[in-house]
Amino acid sequence: MPLRLAAVGRWGLVAALLVAGATLSPAPRALSAETQVRAQPIARFAIGRDTVRFGALDYVGGFSYSSSDRRLKGVSSIRMRPEGAGFLALTDTGFWFAGTIRRDADGRPVGIADARIAPMLNPAGRTMPNKGQADAEGLAISGDEALVSFERDHRIEAFSPAWAPFEARGRRVPLPIPRGELRGNGGIETIAASPKDSPLGGAVVIVAERSIDDAGNLLAAILGRGPFTVRRDEVWAVTDGTFLPDGDLLLLERRFEGFGRVGMRIRRIDGASIRPGALVDGPVLMEADLGEEIDNMEGLDAWQGSDGQIYLSLVSDDNGSFIQRNLYLEFRLAEDRQATAGER
């Protein structure tokens, strides 16, 4: 059901789902080669307004989507293929979700084709036995591997081949943050691979959702190099991240403060500032609330279109709830890097 200002009273239930990471579907079944996905285009991001510019981003288009396959829920991260054609995503109930983005004659995203859902396999080649094992939150493509970060049972696993990991067994990757410092439902939500020609030289970065150090900053690390921290704004929780082609890190953040106080924002971190021991921060590129078409926004990726421009893809996690939506939203990064989130 669409989120509207008149419906925010229902977010008491949503709060419980967000905290618990509730799952409403039965136990995983065998791999399904294809899944039919229904979509409803979202022509305007601003509800009741024709606004196109949101901070430093221009809205391109998007859609809500659903399926009779009850495994299609809880999408928590997405990575786009070159030029935004295909994608690989994952759910926090332990499934891969892949497909292609259908577009209209003007290039606006209107739906999903060639959808496929498959259960993730653990190192023993079995499906994840329970929510504690299956709580996949972050996805990165690094070389020929798909790296996945998990909450609750805090860990990182690698799957190969990167874009078709449906039958791959997970391989444990050393965790650079002590497990005891990660909150049960606030662990590693972001795992992102930097461009090879960026200041980080292709290194993979992780950022925690709500796990903090003694100074109140978010725990983060560069795999193989060491930890750093991200300045935390108390009302916001990091839900995903991605690198821009120039090496800057974008962080997607979610706000939920009860009745009517639901929001999302995207922060830009200078890639050159990310190094072991650093405390990093950056400006907000855009911010949205219930006046716009948002839900529980959890996934973010950046990619370059055939026109040379940079696009952002965002997805929401519906928590398997009938009062929330699966969303795919697409924005174009405006040429003016100094644009701020104040331009609403």
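Residues numbered from 1 in each chain as written. Predicted model: local features only at pLDDT ≥ 70, side-chain atom pairs only at ≥ 80, totals over all residues. Heavy atoms only, no water.

Visitor: Any chance you could explain the sheet that holds strand β16 (residues 236-243) here in plain terms?
Guide: Whenever strands of a sheet pair, they do so through backbone hydrogen bonds, lying parallel or antiparallel. Spatially, the 4 strands line up as an open sheet ordered β16-β17-β18-β20, and their pairing is antiparallel. The strands lining the two open edges of the sheet, one partner per strand, are β16 and β20 (284-289). Across the sheet, the mean angle from the axis of one strand to that of its neighbour is 15 degrees, orientation sign disregarded. Of the pairings in the sheet, the one linking strand β18 (residues 262-269) to β20 comprises 5 bridges and is antiparallel in character. Following the sheet pairing, Gly-263 is matched in β20 by Asp-289. (Pairing = 2+ DSSP bridges. Helix = DSSP H or I, 4+ residues; strand = E, 2+ residues; numbered from the N terminus. Axes fitted to C-alpha atoms, helices over the stretch in contact; angles between N-to-C directions.)

Visitor: Looking at this structure, I do not really get the packing of aromatic side chains. What am I missing?
Guide: Here a ring pair, both rings aromatic, is described through the centre-centre distance and the interplanar angle of the planes. The final tally for this structure, using the stated rule, is 10 aromatic pairs. When the ring of Phe-45 is compared with that of Phe-331, the centres are 5.1 Å apart and the planes differ by 90 degrees; the resulting orientation is edge-to-face. Residue Phe-45 is found in the loop between β1 (38-42) and β2 (53-54), and its partner Phe-331 is found in strand β23 (residues 326-333); the two are separated by 286 residues along the sequence. This pair shows no difference in class: Phe-45 is buried, exactly as Phe-331 is. (Phe/Tyr/Trp six-rings, centres within 6.5 Å; stacked < 30°, edge-to-face > 60°. Buried < 20%, exposed > 50% of the residue type's maximum accessible area, 1.4 Å probe, protein only.)

Visitor: What is the right way to look at the nonpolar core in this model?
Guide: Nonpolar side chains tend to gather and get buried jointly when the protein is soluble and globular. One finds Phe-45, Met-264, Ile-266, Leu-312, Leu-314, Leu-329 and Phe-331 to be the most contacted residues of the largest nonpolar core, which totals 28 residues. Contributions of two or more residues to this core are made by β3 (57-66), β17 (249-256), β18, β20, β21 (297-304), β22 (310-316) and β23. Discounting residues that sit within four places of it in the chain, Leu-314 has contacts with Leu-252, Met-264, Ile-266, Met-297, Gly-299, Leu-300, Leu-327, Tyr-328, Leu-329 and Phe-331. In this structure, Met-80, Phe-95, Phe-97 and Tyr-328 belong to the second largest nonpolar core, which totals 20 residues. (Core = buried A, V, L, I, M, F, W, Y, C linked by side-chain atoms within 4.5 Å. Contact = heavy atoms within 4.5 Å.)

Visitor: What is the right way to read unusual backbone geometry from this model?
Guide: Backbone phi values are negative for most residues with the exception of glycine, while trans is the configuration of most peptide bonds. Following Ser-160, the chain continues to Pro-161 via a peptide bond in cis, the omega torsion being 5 degrees. A positive phi angle, near 55 degrees, is found at Asp-114, a position not held by glycine. With respect to the helices, strands and loops of the structure, Asp-114 is situated in strand β7 (residues 109-119). Within the chain, Arg-152 stands out as a residue other than glycine whose phi angle is a positive 65 degrees. By the secondary structure assignment, Arg-152 is in the loop between β9 (145-150) and β10 (155-159). Classification of Arg-152 as partly exposed rests on a relative accessible area of 29%.

Visitor: When you look at the environment of Asn-217 in this model, what are you seeing that I'm missing?
Guide: Mapping Asn-217 onto the fold places it in the loop between β13 (204-212) and β14 (218-222). Between the C-alpha atom of Asn-217 and that of Glu-234, which follows or precedes it by 17 residues, the distance is 9.4 Å. Excluding its chain neighbours within four sequence positions, the residues that come into contact with Asn-217 are Ser-211, Ile-212, Thr-229, Val-230, Arg-231, Arg-232 and Leu-279.

Visitor: Where do I start with the confidence of the model for the protein chain in this structure?
Guide: The predicted coordinates ought not to be read in detail in places where the model reports low pLDDT. Per-chain confidence: the protein chain averages 89 in pLDDT, with 87% of residues scoring 70 or above. Across residues 338-344, where pLDDT falls below 50, the model places 20 contacts with residues more than four positions away in sequence or in other chains. (pLDDT = per-residue confidence, 0-100.)

Visitor: I tried to follow the pattern of salt bridges on my own but got confused; where do I start?
Guide: Charged atoms that come close allow side chains of opposite charge to pair. Counted by the stated rule, this structure contains 31 salt bridges. Residue Asp-233 pairs with Arg-265 through a salt bridge whose shortest N-O separation is 3.5 Å. One end of the pair, Asp-233, is in the loop between β15 (226-230) and β16; the other, Arg-265, is in strand β18, and 32 residues separate them in sequence. Judged by its relative accessible area of 25%, Asp-233 falls in the partly exposed class. In this structure, Arg-255 and Glu-257 form a salt bridge, with 3.5 Å as the shortest nitrogen-oxygen distance. Each of Arg-231, Asp-233, Glu-253, Arg-265, Arg-267 and Asp-281 takes part in a single network of salt bridges with overlapping partners. (Salt bridge = Lys/Arg side-chain N within 4 Å of Asp/Glu carboxyl O.)

Visitor: Hey, could you run me through the pairing of β14 in this one?
Guide: Sheet faces and side chains relate simply in a regular strand, where the side chains alternate between the two faces. Of all 5 residues making up β14, 5 are buried, and the element is well covered by its neighbours. A two-sided burial pattern is seen for β14, the buried positions comprising Leu-218, Ala-220 and Ile-222 on one face and Leu-219 and Ala-221 on the other. What sits between β13 and β14 in their antiparallel hairpin is a turn of 5 residues, with Gly-216 showing a positive phi close to 85 degrees. Sheet topology note: the β14/β15 ladder contains 5 bridges and is antiparallel. Its bridge partner lying in β15, Leu-219 is registered against Thr-229. In sequence, β14 turns back onto β15 through a hairpin of 3 residues, with Gly-224 there showing a positive phi of about 80 degrees.

Visitor: Looking at this structure, how should I read the sheet that holds strand β19 (residues 279-280)?
Guide: One open sheet holds the 5 strands; their spatial order is β12-β13-β14-β15-β19, and the pairing between them is mixed. A single partner strand is all that each edge strand has here, and the edge strands are β12 (188-193) and β19. Two elements, β13 and β14, share 4 bridges in a ladder whose sense is antiparallel. Bridged to Ile-206 within β14 is Ala-221.

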